[in-house]
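Notes for the structure review
Each chain, written out:
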4 protein chains.
Amino acid sequence: MSEINKVVLAYSGGLDTSVILKWLQDVYDCEVVTFTADLGQGEEVEPARAKAQAMGIKDIYIEDLREDFARDYVFPMFRANTVYEGEYLLGTSIARPLIAKRLIEIANETGANAISHGATGKGNDQVRFELGAYALRPDIQIIAPWREWDLTSRQTLLDYAEKHKIPVEMKKGKTSPYSMDANLLHISYEGRVLEDPWAEPEEDMWRWTVSPESAPDKPTYIELTYRQGDIVAIDDVPCSPATVMEQLNKVAGANGIGRLDIVENRYVGMKSRGCYETPAGTVMLKAHRAIESLTLDREVAHLKDELMPRYASLVYNGYWWSPEREMMQTMIDASQANVNGKVRLKLYKGNVVVVGRASDTDSLFDESIATFEDDGGAYNQKDAEGFIKLNALRMRIAAAKRLR
Amino acid sequence: MSEINKVVLAYSGGLDTSVILKWLQDVYDCEVVTFTADLGQGEEVEPARAKAQAMGIKDIYIEDLREDFARDYVFPMFRANTVYEGEYLLGTSIARPLIAKRLIEIANETGANAISHGATGKGNDQVRFELGAYALRPDIQIIAPWREWDLTSRQTLLDYAEKHKIPVEMKKGKTSPYSMDANLLHISYEGRVLEDPWAEPEEDMWRWTVSPESAPDKPTYIELTYRQGDIVAIDDVPCSPATVMEQLNKVAGANGIGRLDIVENRYVGMKSRGCYETPAGTVMLKAHRAIESLTLDREVAHLKDELMPRYASLVYNGYWWSPEREMMQTMIDASQANVNGKVRLKLYKGNVVVVGRASDTDSLFDESIATFEDDGGAYNQKDAEGFIKLNALRMRIAAAKRLR
Amino acid sequence: MSEINKVVLAYSGGLDTSVILKWLQDVYDCEVVTFTADLGQGEEVEPARAKAQAMGIKDIYIEDLREDFARDYVFPMFRANTVYEGEYLLGTSIARPLIAKRLIEIANETGANAISHGATGKGNDQVRFELGAYALRPDIQIIAPWREWDLTSRQTLLDYAEKHKIPVEMKKGKTSPYSMDANLLHISYEGRVLEDPWAEPEEDMWRWTVSPESAPDKPTYIELTYRQGDIVAIDDVPCSPATVMEQLNKVAGANGIGRLDIVENRYVGMKSRGCYETPAGTVMLKAHRAIESLTLDREVAHLKDELMPRYASLVYNGYWWSPEREMMQTMIDASQANVNGKVRLKLYKGNVVVVGRASDTDSLFDESIATFEDDGGAYNQKDAEGFIKLNALRMRIAAAKRLR
Amino acid sequence: MSEINKVVLAYSGGLDTSVILKWLQDVYDCEVVTFTADLGQGEEVEPARAKAQAMGIKDIYIEDLREDFARDYVFPMFRANTVYEGEYLLGTSIARPLIAKRLIEIANETGANAISHGATGKGNDQVRFELGAYALRPDIQIIAPWREWDLTSRQTLLDYAEKHKIPVEMKKGKTSPYSMDANLLHISYEGRVLEDPWAEPEEDMWRWTVSPESAPDKPTYIELTYRQGDIVAIDDVPCSPATVMEQLNKVAGANGIGRLDIVENRYVGMKSRGCYETPAGTVMLKAHRAIESLTLDREVAHLKDELMPRYASLVYNGYWWSPEREMMQTMIDASQANVNGKVRLKLYKGNVVVVGRASDTDSLFDESIATFEDDGGAYNQKDAEGFIKLNALRMRIAAAKRLR
């Protein structure tokens with residue numbers, strides 16, 4: 001490792017990354033550039049400025065990346081109906097490549113030769129940050145303090161903060177005991193009681209959704225308009241990608257939609273328990289499948305379904321900036337050209353129910369053929385006999401050999 | 001086609017297959033053997049006997065196949081977490097191979113050289129019946145009246161029945177306007193208003209589940225015990241496969257669980273709209289993924305996920321009795337050796353929530369490694385650096401070339 | 001089927017299609033348009049004009065499609081390293097979509113509402129012609145005489161020709177007893193002695209290649225230049241796609257390269273024996289893999305390899321004009337952006353040996369890292385420990401549980 | 001890392017592992033157990049005994065594992081038609097899991113808590129040894145001297161040997177400048193001139209095969225008998241697995257068969273150049289595909305082809321002892337039940353030509369259906385129309401929408 005001249009730190013303004021900031025200054029004796037992004041986590045990012053300034057930072061980047069995040073990361077991923085291990089909507093995973101990209105771009109702008117982040121050595125996020133960074137700038141140096149230092153508990157962090165007079169603004173109100181991450185797509189919870197996979201999380205852990213029990217007794221109906229696989233309007237009101245997500249988070253969260261409680265397999269080799277709230281994402285997945293069911297060719301849909309788990313693993317494992325993810329994306333995007341139309345949904349106490357789908361221009365649903373009534377010759381039932389007989393031929397030949 | 005000497009008919013006792021029975025006697029001038037199976041459709045099968053006798057049938061097979069169906073078809077399919085096109089749990093598809101098998105076995109026993117069924121020439125069921133039959137007996141002759149005759153509407157059927165004095169016992173109470181199919185795994189609805197994919201089905205269409213709105217205001221908790229991937233007990237009470245399904249249908253249906261409304265792609269090439277109630281199956285899928293999340297190796301789980309859509313298509317398209325389905329099943333079954341343990345579920349107004357999973361013998365969840373607390377050296381965070389660096393190497397080399 | 005007003009016939013000028021021409025005129029009493037294409041089969045196409053004129057045809061299309069064929073069909077297919085069932089290079093399959101396309105375009109130009117071809121009802125070619133035609137013009141009517149008429153042997157064809165005074169110009173010299181098909185990519189042989197899969201074909205069956213035994217005792221070296229996955233020059237001489245293939249056919253055929261003798265699985269359900277000569281294709285596959293080995297990312301290459309068999313089946317089965325083939329092609333083409341460079345080959349008595357590959361601009365081979373000598377720190381061997389340990393973690397956890 | 005009490009070393013008797021032996025004694029101050037295996041590398045293993053004794057080793061394991069290797073590793077792998085990156089037959093890869101297994105078994109027998117090997121930190125072999133070892137004994141400690149020590153060149157090794165009086169018996173005759181590995185399946189060459197991918201290897205590098213140029217001018221014909229996918233006899237003489245390989249190596253090598261020169265992607269992230277001689281394996285792959293072409297169902301064969309690249313990567317990357325490889329193997333092995341029969345091959349100057357395949361009991365080739373002659377009604381050509389029409393239906397519906 002050559003000498004670190006300047007390091008760009010992914011800085012939230014919280015205790016951990018404030019300690020890291022100080023620790024980088026001390027241990028590496030180098031200038032630190034802070035980068036703080038609003039990805040829709042629902043907390044103010046501006047306060048990070050004062051804290052950074054208080055620790056002597058000159059280059060402070062604070063950015064609102066909500067539209068970039070929704071448009072260039074979340075939406076492309078949902079075109080693939082992406083779900084990891086049958087359940088997880090990849091809320092944390094999909095934010096990391098954007099942060100990695102900005103860290104590298106800021107390093108390039110500021111002449112830094114290193115980046116740093118606050119992810120632990122046990123998790124997926126370190127991998128996602130670092131694979132992205134290496135792919136975008138192969139000579140970048142990466143400082144992952146959690147893999148290096150001896151501050152291995154909350155108490156040692158607090159002691160370090162006190163000793164170094166780091167401004168730790170204690171949050172008002174309830175402090176969560178969980179390890180959390182949030183952005184427009186989800187909020188996640190790990191650790192503590194969740195480390196026992198038999199234990200049900202307490203109701204007051206959840207922050208973005210009401211419980212199905214507390215949700216309204218009347219359903220909410222909404223209509224989503226799709227253009228090339230992306231939602232472009234809600235109830236006929238055009239919305240930007242980030243607005244789509246904010247609106248859907250609100251209405252779905254209010255109807256108790258989007259909670260998930262799973263055991264997942266981390267890329268670094270262990271199983272872990274996670275709880276997630278993904279209100280908008282839960283609606284988006286269901287609705288996207290519905291509009292595709294009407295407008296996508298069967299074999300295209302099936303091929304997408306077969307490749308989806310692999311695409312999901314690429315995102316989960318941190319390979320967003322890999323050539324194989326990009327290659328798959330060209331195929332997924334190409335498949336969406338005709339995914340245009342509307343989906344009508346009923347939201348009710350945790351349920352997302354598709355109650356209608358339509359596409360004026362691109363529906364492949366042909367009532368004249370599908371009907372149980374007289375179809376006027378649109379479909380010749382006798383064709384089925386030949387279809388079946390030739391599909392059966394190889395099995396008939398094999399059976400005949402077997403019986404001989 | 002050589003001469004038909006005797007034909008085994010899949011006979012429900014309803015109007016359609018009663019007309020077919022008579023039509024076969026008239027047109028083919030041959031003996032007919034009837035086969036009626038209880039697959040858990042929820043209607044008596046015994047009345048079919050008197051009707052068949054009234055039409056002069058001598059060989060009448062009426063069989064309770066619920067345990068065979070659950071044990072040898074539904075359960076193996078759920079080991080694969082099988083879902084067609086992201087949504088459909090294959091309730092109709094999975095029953096057809098069993099019926100095809102019995103039709104052929106009965107043909108062999110009774111010396112018949114043909115079988116017949118009441119599936120139309122537009123649907124998937126004809127394919128499933130016939131591929132199965134051909135695979136099991138390659139020289140069987142198959143009579144599919146809907147592809148041959150000119151009785152193309154309900155009225156012509158009724159006229160035929162009246163003219164030939166076929167006993168059409170009108171059902172008491174409401175007659176469904178929908179084309180329906182039912183067995184232990186599901187009940188399906190097609191046709192009529194559903195032929196418009198924008199139209200929401202009326203509440204009174206659904207028969208097996210209450211609406212989420214009408215479901216109890218208190219959740220129900222249940223515990224399922226798994227052995228080798230199959231449910232063997234509910235709330236610690238050992239149950240046979242069919243009993244598992246009956247019990248789960250009852251408790252899930254009472255909690256508004258299992259309704260589905262989709263547009264699907266038929267094997268014969270058209271899109272069609274279907275509504276399904278699959279109360280037990282909806283619970284079983286969720287719970288099976290949960291017990292696998294704890295006990296299955298990551299890469300095994302991912303490989304299963306990647307192959308699942310293909311397995312689902314095989315079942316949907318009628319290839320249960322094909323060598324490729326059997327080959328895949330050996331792999332799926334082998335994967336389930338350690339899928340043992342318990343899953344705790346909360347059922348509430350349409351929601352199936354996993355709230356706990358445990359396996360005394362086979363959990364791969366290692367708290368000592370996964371913990372956010374001090375792990376006493378079980379995991380060396382420094383290993384992550386090498387892991388990331390070598391996984392990044394190919395991308396770094398490529399980026400370096402690109403930047404040159 | 002509505003009335004046939006005019007039919008476009010894929011016309012070779014040989015006995016079979018000449019009889020079909022006459023038969024169409026007689027049976028369908030309609031105007032016939034003939035279409036004859038030079039795809040590099042090595043026979044003059046112009047003589048078809050006089051024959052067609054002699055039978056009263058007014059619209060006669062005779063076209064040299066060699067460049068279209070090589071550029072838009074063969075080359076894209078080779079970007080995927082396409083091989084069917086591990087052996088077959090799809091020479092016949094890949095020509096059919098082009099013919100189907102021209103048949104439909106000519107039907108559109110001439111106001112015909114039907115097309116016709118000379119493929120039998122047992123083979124793959126009927127499927128390839130017809131799937132293509134239906135995909136490009138869904139209301140087209142298709143006349144496949146071999147599935148309709150009673151001229152089921154060569155003798156009945158000859159009788160019919162004589163009776164109707166069809167000019168059957170007997171070929172001079174040897175007449176092959178085999179069913180053959182030829183174009184720039186290959187020549188194929190089926191039938192007769194080949195119907196016994198234990199029988200070795202006689203040496204004089206082969207037409208485009210010398211036997212390895214008869215090939216020169218000195219090897220030939222050639223260099224191929226690739227741009228974006230396609231060959232653009234041979235021995236530094238720029239060549240059009242068709243010229244590439246003609247040149248390679250010549251040099252490879254002269255060195256005994258490209259013979260293949262296989263049993264393959266037809267889409268219609270039976271196994272069949274085929275022999276093929278594919279001199280250029282055999283060289284192209286080997287060379288393309290070589291240039292990719294140097295310039296393609298590992299995971300991109302592996303994903304291509306996993307999808308290749310499916311792509312090959314699509315081509316073999318006649319789905320060139322399907323949306324799923326087109327979707328896959330976007331991905332394959334995207335992967336080729338950096339597949340630039342040179343491959344040096346040694347051709348010798350049936351062997352194609354890669355003896356060098358280079359890419360000034362896009363090689364991902366990094367000698368400084370790969371070397372067994374001192375690499376000056378380009379690669380840190382200690383990284384491997386962490387890489388292995390985390391990749392092993394899930395198996396270690398499982399083993400520890402098992403041993404407990 | 002806890003203290004090393006005893007270490008089992010994979011010991012060849014050559015310079016490298018002799019230096020490692022001494023170095024382990026010195027640096028770790030622990031007892032060393034040596035393990036030397038005959039895997040068919042073609043060199044005596046017994047001389048390793050005296051060398052080990054000379055360095056004070058008490059527990060010396062020298063084993064002939066050729067039959068284990070061929071039967072339990074090579075043969076199962078060939079059932080899958082395994083090829084890595086389209087070319088490489090995995091000769092080195094497939095030997096490592098057996099060595100890993102024996103190292104662990106010997107550690108268990110001798111009470112050792114560590115193993116050691118001579119693979120470098122840049123290659124695949126370290127991964128294969130160590131993943132296998134960890135999977136079989138999760139608490140094993142692994143010493144990989146090449147990742148630890150400072151003996152980084154051949155000269156430093158020689159100096160170390162001289163200084164420590166390690167008996168380095170200089171090989172008589174030619175010493176290869178290449179890094180080599182050999183076993184029953186292949187011999188490999190890496191390094192030196194091969195590090196330039198444009199350089200053709202010199203003829204005298206190759207050791208197991210004559211060049212095609214030097215091979216006999218007359219072909220050799222052989223017949224291989226298969227039972228359940230494995231070769232059990234050559235020219236009707238029953239052979240054990242290892243004998244099959246020895247015989248085929250001899251006859252194929254004498255005919256110039258089995259040379260390969262490629263650039264491959266290592267699991268640790270770099271591309272490398274390797275040359276391989278795999279005479280028996282080259283014949284086995286070709287012959288196995290041939291017997292499968294006759295006896296395997298089409299869809300089973302295609303599924304195998306689609307999964308093969310993944311299986312190959314598992315073997316290449318060192319995951320032989322993983323649950324996913326074992327799961328795939330159950331499927332592959334199940335597919336081979338009917339792969340019985342004979343293949344006749346012509347070997348000539350580098351070419352392996354299949355000239356016949358037959359299976360009395362399991363051929364699925366049905367001449368009565370495949371024939372171009374009159375088939376007596378075995379196949380109804382009219383079935384093809386329905387087959388094509390329904391396969392085209394989805395594309396026709398889409399085209400009709402598009403044209404509207």
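Each chain carries its own residue numbering, running from 1 in the direction its sequence is written. To read the labels, note that chains go from A and ligands from 1, taken in the order they are written. In keeping with the model being predicted, local features are shown solely for residues with a pLDDT of at least 70 and side-chain atom pairs are shown and tallied solely at 80 or more, while totals for entire chains, interfaces and linings include all residues. For the side-chain quantities, the full set of heavy atoms in the structure was used; hydrogens and water were omitted.

By the naming in an unreviewed UniProt entry, chain A goes by Argininosuccinate synthase and is assigned to Methylobacter tundripaludum. We quote the UniProt Pathway (unreviewed entry) comment for chain A here in full: "Amino-acid biosynthesis; L-arginine biosynthesis; L-arginine from L-ornithine and carbamoyl phosphate: step 2/3." UniProt positions are given in the numbering used here, feature names are shortened, and annotations may be inferred rather than shown by experiment. Taken from UniProt, the Sequence similarities (unreviewed entry) comment for chain A reads in full: "Belongs to the argininosuccinate synthase family. Type 1 subfamily."

Brief notes about the sheet that holds strand S6 (residues 179-182) of chain C
Residue and element names in this part refer to chain C. The strand order across the open sheet built from four strands is S6-S7-S12-S11, with neighbouring strands paired in antiparallel fashion. Strands at the two margins of the open sheet, each flanked by one partner only, are S6 and strand S11 (259-265). With strand direction ignored, the average angle separating the axes of adjacent strands in the sheet is 25 degrees. Alignment of S6 against strand S7 (residues 187-190), held across four bridges, turns out to be antiparallel. Within S7, the residue paired with Asp 181 across the bridge is Ser 188. At least two DSSP bridges between two strands are needed for those strands to be called paired. The helix and strand labels rest on DSSP assignments: H or I over at least four residues marks a helix, E over at least two residues marks a strand, and numbering proceeds from the N terminus. Angles shown run from 0 to 180 degrees and are taken between the N-to-C directions of axes, each axis being a line fitted to C-alpha atoms and, for helices, limited to the stretch in contact.

Things to note about the relation of the copies chain D and chain C
The two copies are related by a screw motion: chain D maps onto chain C through a turn of 180 degrees and a shift of 0.0 Å along the axis, at an RMSD of 0.0 Å. Taken together, the rotation and translation describe the operation of a two-fold axis. Rotation axis and chain D: the residue whose C-alpha lies nearest the axis is Glu 306 of chain D, separated from it by 2.8 Å. Here the copies are matched by least squares. The fit uses the C-alpha atoms of residues with pLDDT of at least 70 in both.

Focus on helix H1 (residues 15-27) of chain C
Residues and elements named next belong to chain C. In a helix, the anticipated span is given by 1.5 Å times the number of residues less one. For H1, built from 13 residues, the straight-helix expectation of 18 Å at 1.5 Å per residue is met to within 8% by its first-to-last C-alpha distance of 18 Å. Turning to H1, its buried residues number three or more, namely Leu 15, Thr 17, Ser 18, Val 19, Ile 20, Leu 21, Trp 23, Leu 24 and Gln 25. The contact criterion used throughout is that any non-hydrogen atoms of two residues lie within 4.5 Å. Taken together, the buried residues of H1 touch strand S1 (6-10), strand S2 (31-38), strand S4 (114-116), strand S5 (141-143), helix H6 (145-148) and helix H7 (154-163). To sort residues, take the accessible area from a 1.4 Å probe on protein chains only and compare it with the maximum for the residue type: under 20% means buried, over 50% means exposed, and anything in between is partly exposed.

Looking at the sheet that holds strand S10 (residues 237-238) of chain D
All names here are of chain D. Spatially, five strands are ordered S10-S9-S8-S13-S14 in an open sheet, and the strand pairing comes out antiparallel. Two strands lie at the open edges of the sheet, namely S10 and strand S14 (351-358), each paired on one side alone. With seven bridges joining them, strand S13 (residues 341-348) and S14 adopt antiparallel strand pairing. In the sheet register, Tyr 348 faces S14, and the bridge partner there is Asn 351.

What about helix H5 (residues 125-136) of chain A?
For H5 of chain A, spanning 12 residues, the distance from its first C-alpha to its last is 17 Å, which sits close to the expected 16 Å at 1.5 Å a residue. Of all 12 residues in H5 of chain A, 11 are buried; the element is thus mostly enclosed. Buried residues of H5 of chain A: Asp 125, Gln 126, Val 127, Arg 128, Phe 129, Glu 130, Leu 131, Gly 132, Ala 133, Tyr 134 and Ala 135 of chain A, and no others. Looking at the buried positions of H5 of chain A, the neighbouring elements they touch are helix H4 (96-110), strand S4 (114-116), strand S5 (141-143), helix H6 (145-148) and helix H10 (298-317) of chain A together with helix H13 (383-403) of chain B.

Looking at the confidence of the model for chain A
Note: pLDDT gives the predictor's confidence per residue, expressed from 0 to 100. Confidence in the prediction for chain A averages 95 pLDDT; 98% of positions are at 70 or higher. Listed scores for the predicted complex are pTM 0.97 and ipTM 0.96.

Focus on the side chain of Asn 255 of chain B
All names here are of chain B. Mapping Asn 255 onto the fold places it in the loop between helix H8 (241-254) and strand S11 (259-265). Contacts described as polar in this section are N or O atom pairs within 3.5 Å, which, within protein, must combine one atom able to donate a hydrogen with one able to accept it, while residues neighboring in sequence count only if both atoms come from side chains. Of note is the side chain of Asn 255, whose polar atom sits 3.2 Å from the side chain of Thr 220. Not counting the four nearest positions on each side in its chain, Asn 255 is found in contact with Ala 215, Pro 216, Lys 218, Thr 220, Leu 347, Tyr 348, Lys 349 and Gly 350.

Re the side chain of Thr 209 of chain C
Residues and elements named next belong to chain C. Within the fold, Thr 209 resides in the loop between S7 and strand S8 (220-227). Here Arg 259 takes part through its side chain, which lies 2.8 Å from a polar atom of the side chain of Thr 209. Residues in contact with Thr 209, not counting those within four places in the same chain, are Gly 253, Ile 257, Arg 259, Glu 277 and Pro 279.

Re the interface of chain D and chain C
Taken together, the contacts link 104 residues of chain D with 103 residues of chain C. In what follows, salt bridge is the name for a side-chain nitrogen of Lys or Arg lying within 4 Å of a carboxyl oxygen of Asp or Glu. At the boundary of chain D with chain C, the tally comes to 12 salt bridges. Among the salt bridges present, the one from Glu 213 of chain C reaches Lys 346 of chain D, with a minimum N-O distance of 2.8 Å. Where chain D meets chain C, there are 46 residue pairs in polar contact (both at pLDDT 80 or more). Ranked by residues supplied to the side of chain D that touches chain C, first place goes to helix H13 (residues 383-403) of chain D with 14 residues. Any residue outside Ala, Val, Leu, Ile, Met, Phe, Trp, Tyr, Cys, Pro, Asp, Glu, Lys and Arg is labelled polar, Gly included; the first ten of those are nonpolar and the last four are charged. In terms of residue class, the side of chain D that touches chain C is made up of 45 nonpolar, 20 polar and 39 charged.

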